[in-house]
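Fold and contact review
Residue strings, one per chain:
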Amino acid sequence: MTADELIARLRVLPPDTPVLVEGYENGFDEIVELKGQDVVRYRHAQPWDGQYQPPERFEEPATGIMQAAVILGRRGQLR
């Protein structure tokens, strides 16, 4: 999803609608931060891995680095 697609979906909601993210293990958390993050697609992701990872996760120099908007929840740093 791109920023334009997210904005279009949010525009149709009532302004007081809560926007949540997945919690650490289950449930949902409030958004506490939106930040820019360099990421690369993780081609060998396991089912429990995210499709994108920070470039520093890999020993080899990463290619295909892109800037993404990352929405963090209250316990997002624990994921």
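Because the structure is predicted, anything quoted here is derived from the model rather than measured.

What counts and what doesn't
- Residues numbered from 1 in each chain as written.
- Predicted model: local features only at pLDDT ≥ 70, side-chain atom pairs only at ≥ 80, totals over all residues.
- Heavy atoms only, no water.
- Helix = DSSP H or I, 4+ residues; strand = E, 2+ residues; numbered from the N terminus.
- Rg over C-alpha atoms; globule rule 2.2 N^0.38 Å.
- Buried < 20%, exposed > 50% of the residue type's maximum accessible area, 1.4 Å probe, protein only.
- Contact = heavy atoms within 4.5 Å.
- Areas by Shrake-Rupley, 256 points an atom, 1.4 Å probe, with all protein chains shown as cover.
- Lys, Arg positive; Asp, Glu negative; His and termini not counted.
- Charge placed at Lys NZ, Arg CZ, Asp CG, Glu CD.
- Polar contact = N/O pair within 3.5 Å; in protein donor to acceptor, adjacent residues only side chain to side chain.

1. Overview of the overall build of the chain
Along its length, the chain carries 1 helix and 4 strands. Taking 79 residues into account, the globule formula puts the C-alpha radius of gyration at 12 Å, and the chain, at 15 Å, lies well above it. Reported as C-alpha extents along the three principal axes, the dimensions of the chain are approximately 45 × 30 × 20 Å. Here the chain holds 79 residues, and the buried ones make up 13% of them. For the chain, the proportion of contacts with a sequence separation of at least 24, taken over those separated by at least 6, is 51%. Counting only carbon and sulfur atoms, one obtains 52% of the accessible surface of the chain, whose full area is about 6900 Å². Positive and negative charge centroids in the chain, built from 9 and 13 side chains respectively, lie 3 Å apart.

2. A look at the environment of Tyr 52
Position of Tyr 52 relative to the elements: it lies in strand 3 (residues 52-53). Side-chain polar atoms of Tyr 52 contact the side chain of Arg 41, separated by 2.7 Å.

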